[in-house]
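# Coordinate analysis (summary)
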Number of protein chains: 4
Amino acid sequence: MNSFGRRYRLTSFGESHGPAIGGVIDGIEPGLAIDLGAVQAELDRRRPGQSTLTTARLEADRLEVLSGVFEGKTLGTPIGFIVRNADQRPGDYDRHALRPSHADYTYLAKYGIRDHRGGGRASARETIARVVAGAFARQALALRGISVHTYVSQVGAVTCDKPYASLDLSLTDTNPVRCPDPEVAARMEAEIRSVQSQGDTLGGVATCVIAGVPAGLGEPVFGKLQSQLAAAMLSINAAKGFDYGMGFDGASGRGSELNDAWRPGFKTATNHSGGIQGGISNGQDIYFRVAFKPVATLMRDIETIDDQGRPVTLPARGRHDPCVLPRAVPIVEAMALMVIYDSLLSQTMSASVPRT
Amino acid sequence: MNSFGRRYRLTSFGESHGPAIGGVIDGIEPGLAIDLGAVQAELDRRRPGQSTLTTARLEADRLEVLSGVFEGKTLGTPIGFIVRNADQRPGDYDRHALRPSHADYTYLAKYGIRDHRGGGRASARETIARVVAGAFARQALALRGISVHTYVSQVGAVTCDKPYASLDLSLTDTNPVRCPDPEVAARMEAEIRSVQSQGDTLGGVATCVIAGVPAGLGEPVFGKLQSQLAAAMLSINAAKGFDYGMGFDGASGRGSELNDAWRPGFKTATNHSGGIQGGISNGQDIYFRVAFKPVATLMRDIETIDDQGRPVTLPARGRHDPCVLPRAVPIVEAMALMVIYDSLLSQTMSASVPRT
Amino acid sequence: MNSFGRRYRLTSFGESHGPAIGGVIDGIEPGLAIDLGAVQAELDRRRPGQSTLTTARLEADRLEVLSGVFEGKTLGTPIGFIVRNADQRPGDYDRHALRPSHADYTYLAKYGIRDHRGGGRASARETIARVVAGAFARQALALRGISVHTYVSQVGAVTCDKPYASLDLSLTDTNPVRCPDPEVAARMEAEIRSVQSQGDTLGGVATCVIAGVPAGLGEPVFGKLQSQLAAAMLSINAAKGFDYGMGFDGASGRGSELNDAWRPGFKTATNHSGGIQGGISNGQDIYFRVAFKPVATLMRDIETIDDQGRPVTLPARGRHDPCVLPRAVPIVEAMALMVIYDSLLSQTMSASVPRT
Amino acid sequence: MNSFGRRYRLTSFGESHGPAIGGVIDGIEPGLAIDLGAVQAELDRRRPGQSTLTTARLEADRLEVLSGVFEGKTLGTPIGFIVRNADQRPGDYDRHALRPSHADYTYLAKYGIRDHRGGGRASARETIARVVAGAFARQALALRGISVHTYVSQVGAVTCDKPYASLDLSLTDTNPVRCPDPEVAARMEAEIRSVQSQGDTLGGVATCVIAGVPAGLGEPVFGKLQSQLAAAMLSINAAKGFDYGMGFDGASGRGSELNDAWRPGFKTATNHSGGIQGGISNGQDIYFRVAFKPVATLMRDIETIDDQGRPVTLPARGRHDPCVLPRAVPIVEAMALMVIYDSLLSQTMSASVPRT
């Protein structure tokens, strides 16, 4: 299905080379003053062609809101929106060849038909709708002091090992890689350019920090907050893994080292839990990582098969990012924003939690 | 919410020390011959007290099916079932103390009330319902040649590094750790006993392999198969991370190394993708890992706070597993079984995929 | 699917002659003091054998709550419950015959298998779960001054034509027919006994009044309050029609007669709208009618066919109500209670409606 | 929520005087050849200004499909679409006055904000999206021999009493009232013109017949086919009642008269059941009625209150239909088409129903 969220719900549509990408946002609070310029600015962070590290496809990606906002405020009714596709080069794509590690074959297996132009619905252009929905959620969350920040913490073998709390996250957007450590960012950028020059691609890791979430959000059992976040992140193109708090590192530790002791004021001495216990936020920062694979499209000739199973050679062409991480940042943020806002709206109960 | 799945849907209920754990399975195919003994056998794999590596809580965990099965066959109507709780020691639990890295505080923050006995709803006894629903799904999937197998690939610092394809997975249940490599299993067991003797606990990793899934299952965009699997796994108590195929390792690799070349017969030369491309199965094995943290309950006195924020000391007591991994195996399997069966039932379209 | 509601959600299970009927209630508010005796009392209103006007099947219908209630209060976790089936006479039912105007054939057409004993899942015993969920909702709504009252307004040709506002609704349960007009009730009872003596059955109409609903509940467009109520009512066995406010009579009226003029205090001079405008409650009473067909089971021999299409004669037997209306009352109430409570919980927005 | 359906799901958006009405259709089968001209033709049936019996608002209502259809066939991906609003006269509407029997007050009560221009989201222009989704469903159903036909069976006091089977339904669109009995249609038209000349409005009834539905569609218990149809119909603006088969008339009949005897071939001798038994289709025609109230907007000055509760006089103006029935026909059909197609797609099980 093409919908995400329960109370704050995005339904998206659009193929890469069709007329438009768009969506419907259902469930936003009424009476919310909306800065549409800020929504457009989020789209600009996701836009192709914003730096030489990203694909050369040129898209203005101008947002057109068709409903749900009246005289600058949300009505509580659904927000319909579209972004027209402009720079289409369908001739770049072979109608019959199955590209390796793309969704060409699987869409055909599922549907028996596919839009071969640029991956069709499987294209990352689909994430435009997510960024729009995330941007609306960000404005609603900001009123409650909740913020979501994502940065690139790994590109290929170059890692930013400092804990997020020791970084100046305001530096993230000061470089094209979106790593807040300038020295590491420079090495990441060099690594991307090096690999790009070889016609190859790189993966990496994005780290996300959510601050200001009150205790009590999330649902126990199947709707655990980490479960929702994991689903959100693994739904992003090229994502291969998710962990939160101590994450995979916790598998090799001991309980005596990794428990988060309680301190007066219902705060924890450490935050190995990652701000979530039993699926419910505990008031500490929520943080998690998302692993992305290298982009499957290489600037090299590829030996593959066509939809009849016959060998074919795909010449090097098309436009793509050598590394998705820089542009993944606003998408990871958007999904996190949607999950948190949805959890907030799902929280109808007035909890009488003890406070010091 | 306490439901999981779309077409094959489990709704579960029950607190650790309440009268029973149970659930309703909705959406199973009608006319399916069901072996209830095999369902009970899955519960026995999850049962506490099955070896000296697990908690000493004694529960027979006898399944009682109340509807939906008639003369040995499913009716297509919902299957209601319960498992009575028996060995309750509510006196083991302090009504006011907030245990570190447990859900005591967060449930209180969310609901303003909690069942303090053994974690109440947050207890892993809740997973009984999952194992039952998974066991029914396994029987439906077996008819189509689809199998799900999970094993323990890491306990603390002890890892089983061999790829799953080189292991004899039929050995998994031959040792109490549930690692199919006997030599590694022995070291894992020793590690657990060593840590247990110190009153401490260990985390680890479970690896799951799903074989026989036809190409075309899963939904694009928000319902990607990996997204559903990630949500399923992160909903399990103590899970901290999920990755599939190349996973987090893919973040440091290059596209030229990690692409899966197509071979005649619509098979891939390698399977770094992990059997899923664009969110949809491609007919290869699906495999993934789930990281678990060390159990938060230690056999040591704990300094913590109570629900008024006052310091309290919790004496060492209660019953728990020193390492959840052995008993996590049937739970990971159950969640995977539910996801795959649900995807299969969601697949109404007749796909005309080309085949050699 | 066997679930009803979004935020207050009942998932039910059980066949008429299986071990039990039961369900899971998900989404109830935490911390609600619950009177389980009052819940049982609602079941007693629905119970067979409560008067000579109802079926002779003897069922104590004792409620067993298995989770979600702790020390007399709701936990906010799901409430699992069961009611055992006791007085089973499966021998009363022919395994192969298809009874006219029953669900025998359609269940077979849908599932290819059926539980032939007493209609299996299609039996009205399934409504036990509804009554339980409604009874919990009633207690939550009572705290807000919202009440739901249903009475029998028609039995066969005998009608209670007075508007509900002129009736003393507290008299409803003072007679076995559940009509608050004693004189009409007596005629209805006589009519039922007359028809019963002929081995025949009667239909009728139930009228429901919901008082105390604040303005603003319900969802526009597809989730209109009347849409939810209609779905709820038509899901009851034997229901054939629903209308609210002016209802079918409005089809023959004129706008100038049927518009509800606004009065100071945001009250309306009349209430032809039935308390709902644009799908959203306006603060006036909500009222509606539900039409029920005559029970399909007659105390006469029936010529019909079997599941191979061959003619068969079904001898007169089995136990049934000559008219479902008296026992439909608590079921209609239960469904209305669930809809209203669900709408209330779905209402997260703080509306700033002008008030005088 | 602004979504309708489970497997075939429409999510709609748009205010009457905003930029556009639109929606997303999710779940349509892939590979379906689509005639977009036929979809536009359905919109033309719903369009204002199509005859002198309808509102004078002039809207071309041109459909623009933005995704999901490629080279004339459905991709299985979501179909995004918009219809621009053109003939807007926001000046016709008072920002503060609350019109009687409209949704002005209830939207304000729910949201604290409203788009006062032409009812905003509460306008019947929202049904454009329904007609589009219904038109796609019709093409999918036609391939299976399933047809949906609606006609006007009552306008004010003028009724078409003949059973649908004795009417020539192909005549429905030959007159502006959409009643297939020419003589009755003429009287209905005269009645509408008479009432219109008095500045008043009329209600009526639409009758819908669904032919060709195989046995076995629909879900037992809460998803009964009649329950889904009732919810669909009551979600239409101005609808006040729904009944199917014997409907409200069945309340005064007896079981011995109203049971549908089985005949060889699994056909019924009569069809008082209306083609549905136990919530599941039985292979006979499905038929039902929908009651509509008179339009609330009169061509008369109205004494009412404003959003501060102060008395105001609304002068006669605006554009509206004197009777919604003629334009309700395509909307009732659209909703029925969506329900039936959704039920068909929800039917994954291979039933082994016996056939003669």
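Since this is a predicted model, take the numbers as computed values, not measurements.

A count of helical and extended segments in chain A gives 7 helices and 19 strands. For 356 residues, the compact-globule estimate of 2.2 N^0.38 gives 21 Å, and the C-alpha radius of gyration of chain A, at 21 Å, lies within 12% of that figure. Structurally, chain A occupies a C-alpha span of about 70 × 50 × 40 Å along its principal axes. For chain A, buried positions account for 68% of its 356 residues. Within chain A, contacts between residues separated by at least 24 positions form 70% of all contacts whose residues are at least 6 apart in sequence. Surface summary for chain A: the accessible area is close to 10700 Å², and the carbon and sulfur share equals 52%. Of the charged side chains in chain A, 38 are positive and 37 negative, and the gap between their average positions amounts to 3 Å.

The next point concerns the interface of chain A and chain B. If you look at the interface, chain A gives 108 residues, while chain B gives 107 residues. Taking both sides of the interface into account, the surface hidden between chain A and chain B amounts to around 8100 Å²; carbon and sulfur atoms contribute 60%. Our enumeration of links across chain A and chain B arrives at 4 salt bridges. Between Lys110 of chain B and Glu219 of chain A there is a salt bridge, with its nearest N and O atoms 3.6 Å apart. Summed over the shared surface of chain A and chain B, the number is 35 residue pairs in polar contact (both at pLDDT 80 or more). For the side of chain A that touches chain B, the residue count by class is 48 nonpolar, 40 polar and 20 charged. Taken together, the 3 bridges between strand E12 (residues 239-244) of chain A and strand E12 (residues 239-244) of chain B define a ladder with antiparallel strand orientation. When the bridges of E12 of chain B are listed, Phe242 of chain A appears paired with Phe242 of chain B.

Moving on, we come to the relation of the copies chain D and chain C. Superposition record for chain D on chain C: RMSD 0.0 Å, screw rotation 180 degrees, translation along axis 0.0 Å. Seen this way, the second copy is the image of the first under a two-fold rotation axis.

Another point: the interface of chain D and chain C. Contacts between the two partners involve 108 residues from chain D and, on the opposite side, 108 residues from chain C. Interface area for chain D against chain C, summed over the two sides, is near 8100 Å², with a carbon-plus-sulfur share of 60%. Our count for the contact surface shared by chain D and chain C stands at 4 salt bridges. Joining chain D to chain C, the criterion identifies 35 residue pairs in polar contact (both at pLDDT 80 or more). Ranked by residue count, the leading element in the side of chain D that touches chain C is helix H2 (residues 104-111) of chain D, at 7 residues. Taken together, the residues that form the side of chain D that touches chain C break down as 48 nonpolar, 40 polar and 20 charged.

To continue, consider the sheet that holds strand E7 (residues 79-84) of chain D. All names here are of chain D. An order of E1-E2-E3-E7-E4 is seen for the 5 strands of this open sheet, with the pairing classed as antiparallel. The strands lining the two open edges of the sheet, one partner per strand, are strand E1 (3-4) and strand E4 (63-65). In terms of strand pairing, strand E2 (residues 9-13) meets strand E3 (residues 20-26) through 5 bridges, oriented antiparallel. Along E3, the bridge assignment pairs Ser12 with Gly23.

In this section: the relation of the copies chain A and chain B. With an RMSD of 0.0 Å, the operation that places chain A on chain B is a rotation of 180 degrees combined with a shift of 0.0 Å along the axis. In this assembly the copies share their binding face: 99% of the residues contributing to the interface of chain A also contribute to that of chain B.

Bringing the pattern of salt bridges into the picture now. If you walk through the whole model with that rule in mind, you get 104 salt bridges over all chains. One salt bridge connects Glu29 of chain C with Arg144 of chain C, and the closest N-O pair in it is separated by 2.5 Å. Taken together, the residues span a long stretch of sequence, with Glu29 of chain C in the loop between strand E3 (20-26) and helix H1 (36-46) and Arg144 of chain C in the loop between helix H3 (127-142) and strand E9 (147-155) at a distance of 115 residues. Glu29 of chain C sits in the buried class, given a relative accessible area of 12%. A salt bridge links Asp44 of chain D to Arg47 of chain D, with the shortest nitrogen-to-oxygen separation between them at 3.9 Å. In this structure Arg47 of chain D comes out as partly exposed when scored by relative accessible area, which is 26%. Look at the salt bridges and you will find they share partners, linking Glu42, Arg45, Arg138, Asp173, Arg178 and Glu333 of chain A into a network.

Once that is clear, we can look at the side chain of Gln154 of chain D. Along the chain, Gln154 of chain D turns up in strand E9 (residues 147-155). Within the structure, the side chain of Gln154 of chain D is placed 2.9 Å from the backbone oxygen of Gly156 of chain D, a separation counted as a polar contact. Those residues in contact with Gln154 of chain D that sit more than four places away from it in its chain are Ala251 and Ser252 of chain C together with Thr159, Met188, Gly203, Gly204, Val205 and Leu325 of chain D.

Residue and element names in this part refer to chain A. Across chain A, pLDDT averages 93, with 96% of residues at or above 70. Low pLDDT, under 50, characterises residues 349-356; the predicted model gives this stretch 22 contacts beyond four residues in sequence or across chains. For this predicted complex, the interface score ipTM comes out at 0.96, while the overall pTM is 0.96.

Another point: helix H4 (residues 182-197) of chain C. Residues and elements named next belong to chain C. With 16 residues, H4 ought to run about 22 Å at 1.5 Å a step, and its terminal C-alpha atoms sit 23 Å apart, in line with that. When H4 is considered as a whole, its buried residues turn out to be Val184, Ala185, Met188, Glu191, Ile192 and Val195. One side of H4 holds all its buried residues, which, seen down the axis, span an arc of 125 degrees. Exposed residues lying more than 90 degrees from the buried face of H4 are Pro182 and Ser197. Looking at the buried residues of H4, the elements they touch are E9 and strand E10 (158-159).

Residue and element names in this part refer to chain B. Summarising burial for strand E2 (residues 9-13): 4 of the 5 residues are buried, a large majority. In this structure, the hairpin formed by strand E1 (residues 3-4) and E2 is closed by a connection of 4 residues, where Gly5 is found at a positive phi of approximately 105 degrees. Linking E2 back to strand E3 (residues 20-26) in an antiparallel pair, the connection comprises 6 residues, with Gly14 at a positive phi of about 125 degrees.

Residues and elements named next belong to chain A. Note on placement: Thr313 falls in strand E19 (residues 311-314). The residues touching Thr313, leaving out its near neighbours within four places in the chain, are Asp301, Ile302 and Glu303. A polar atom in the side chain of Thr313 sits 2.9 Å from the side chain of Glu303.

To continue, consider the sheet that holds strand E19 (residues 311-314) of chain C. Residue and element names in this part refer to chain C. The 3 strands lie next to each other as E8-E18-E19, forming an open sheet whose pairing is antiparallel. Looking at the sheet topology across the chains shown, the edges are occupied by strand E8 (97-98) and E19. In terms of strand pairing, strand E18 (residues 302-306) meets E19 through 4 bridges, oriented antiparallel. Each residue of the ladder has a partner; that of Ile305, found in E19, is Pro311.

Residues and elements named next belong to chain B. Relative to the assigned elements, Glu183 resides in helix H4 (residues 182-197). Accessibility expressed as a relative area gives 46% for Glu183, which makes it partly exposed. Taking the C-alpha atoms as reference, Glu183 lies 35 Å from Pro100; in sequence the two are 83 residues apart.

A word on the pairing of E9 of chain C. Regular strands show a simple pattern: their side chains alternate between the two faces of the sheet. Residues and elements named next belong to chain C. Of all 9 residues making up E9, 7 are buried, and the element is well covered by its neighbours. By the bridge criterion, 8 bridges tie E9 to strand E11 (residues 204-211) in an arrangement that is antiparallel. Its bridge partner being in E11, His149 is matched across the sheet by Val209. Bridging between E9 and E10 involves 2 bridges; their strand directions are antiparallel.

Take the packing of aromatic side chains next. For the structure on display, the rule yields 34 aromatic pairs over all chains. Arranged with centres 4.8 Å apart and planes meeting at 65 degrees, the rings of Tyr105 of chain A and Trp262 of chain B form a pair that is edge-to-face. With Tyr105 of chain A in helix H2 (residues 104-111) and Trp262 of chain B in strand E13 (residues 262-263), this residue pair bridges two chains. Judged by relative accessible area, Trp262 of chain B falls into the buried class, the value being 2%. Ring plane angle 40 degrees and centroid distance 5.5 Å describe the contact between Phe4 of chain C and Phe222 of chain D, whose orientation is recorded as tilted. On the criterion of chain membership, the pair formed by Phe4 of chain C in strand E1 (residues 3-4) and Phe222 of chain D in the loop between strand E11 (204-211) and helix H5 (225-234) is interchain, its members lying in two chains. Residue classification places Phe4 of chain C among the buried positions, given a relative accessible area of 12%.

What counts, and at which threshold
- Residues numbered from 1 in each chain as written.
- Chains lettered and ligands numbered in written order.
- Predicted model: local features only at pLDDT ≥ 70, side-chain atom pairs only at ≥ 80, totals over all residues.
- Heavy atoms only, no water.
- Helix = DSSP H or I, 4+ residues; strand = E, 2+ residues; numbered from the N terminus.
- Rg over C-alpha atoms; globule rule 2.2 N^0.38 Å.
- Buried < 20%, exposed > 50% of the residue type's maximum accessible area, 1.4 Å probe, protein only.
- Contact = heavy atoms within 4.5 Å.
- Areas by Shrake-Rupley, 256 points an atom, 1.4 Å probe, with all protein chains shown as cover.
- Lys, Arg positive; Asp, Glu negative; His and termini not counted.
- Charge placed at Lys NZ, Arg CZ, Asp CG, Glu CD.
- Buried area = accessible area lost by both parts, 1.4 Å probe.
- Salt bridge = Lys/Arg side-chain N within 4 Å of Asp/Glu carboxyl O.
- Polar contact = N/O pair within 3.5 Å; in protein donor to acceptor, adjacent residues only side chain to side chain.
- Nonpolar A, V, L, I, M, F, W, Y, C, P; charged D, E, K, R; others polar.
- Pairing = 2+ DSSP bridges.
- Least-squares fit on C-alpha atoms with pLDDT ≥ 70 in both.
- pLDDT = per-residue confidence, 0-100.
- Expected span 1.5 Å × (residues − 1).
- Arc of directions from axis to C-beta.
- Phe/Tyr/Trp six-rings, centres within 6.5 Å; stacked < 30°, edge-to-face > 60°.

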